[in-house]
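Tertiary structure, described
So you can see what is in the structure, the chains are spelled out below.
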Amino acid sequence: MMVAFTVPKRSFKRAVVRNLIKRRMREAYRLNKQNCLSALRDQNRSVALLIKYNGKEVRSYNSIEHDMVRVIKKIESIARKNDVFP
């Protein structure tokens, strides 16, 4: 599974801030990806994801992690249904 993270330059002009948000997103994904990966392995699937940050302000790591867990659970449920990924 390939995963990419992006933060728009339009919303965050400073690269330092964009990199901070991407680091937080990557860490939240890294710590919570196991269930999603196991669901995709069970189906013998390969997926590429692009996760974009749409907020207008810098959020805490806990807030980002909470949303990342929701996204990962959604991907896991889709993978387990076996009808969306052809």
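Everything discussed here concerns the structure shown above.
Residues numbered from 1 in each chain as written. Predicted model: local features only at pLDDT ≥ 70, side-chain atom pairs only at ≥ 80, totals over all residues. Heavy atoms only, no water.

Once that is clear, we can look at the side chain of E76. Along the chain, the position of E76 falls in helix α3 (residues 61-81). Here E76 is in contact with N35, C36 and A39, once residues within four sequence places are set aside. (Helix = DSSP H or I, 4+ residues; strand = E, 2+ residues; numbered from the N terminus. Contact = heavy atoms within 4.5 Å.)

Looking at the secondary structure, you find R18 in helix α1 (residues 15-32). Although R18 lies buried, it forms no salt bridge, and the closest oppositely charged side chain, E57, sits 16 Å away as judged by the N-O distance. Once you skip the residues sitting within four places of it in the chain, R18 turns out to touch V7, P8, K9, F12 and K13. (Buried < 20%, exposed > 50% of the residue type's maximum accessible area, 1.4 Å probe, protein only. Lys, Arg positive; Asp, Glu negative; His and termini not counted. Salt bridge = Lys/Arg side-chain N within 4 Å of Asp/Glu carboxyl O.)

So, on to the nonpolar core. Counting residues in each nonpolar core, the largest one holds 20 residues, and the members touching the most others are F5, V7, I21, M25, Y29, Y53 and M68. Only α1, α2 (34-42), β2 (48-52) and α3 provide two or more residues apiece to this core. The leading source of residues in this core is α3, at five residues. (Core = buried A, V, L, I, M, F, W, Y, C linked by side-chain atoms within 4.5 Å.)

At their nearest, the axes of α2 and α3 sit 9 Å apart, and the two run at 15° to each other. On the basis of their axis angle, the class for α2 and α3 is roughly parallel. When the axes of α2 and α3 are compared, the crossing they make is left-handed. Between α2 and α3, the residues in contact are N35, C36, S38, A39, L40 and D42 and I72, I75, E76, A79 and R80, respectively. (Axes fitted to C-alpha atoms, helices over the stretch in contact; angles between N-to-C directions. Parallel < 35°, antiparallel > 145°, perpendicular 65-115°, else oblique. Left-handed = near helix turned anticlockwise from the far one by under 90°.)

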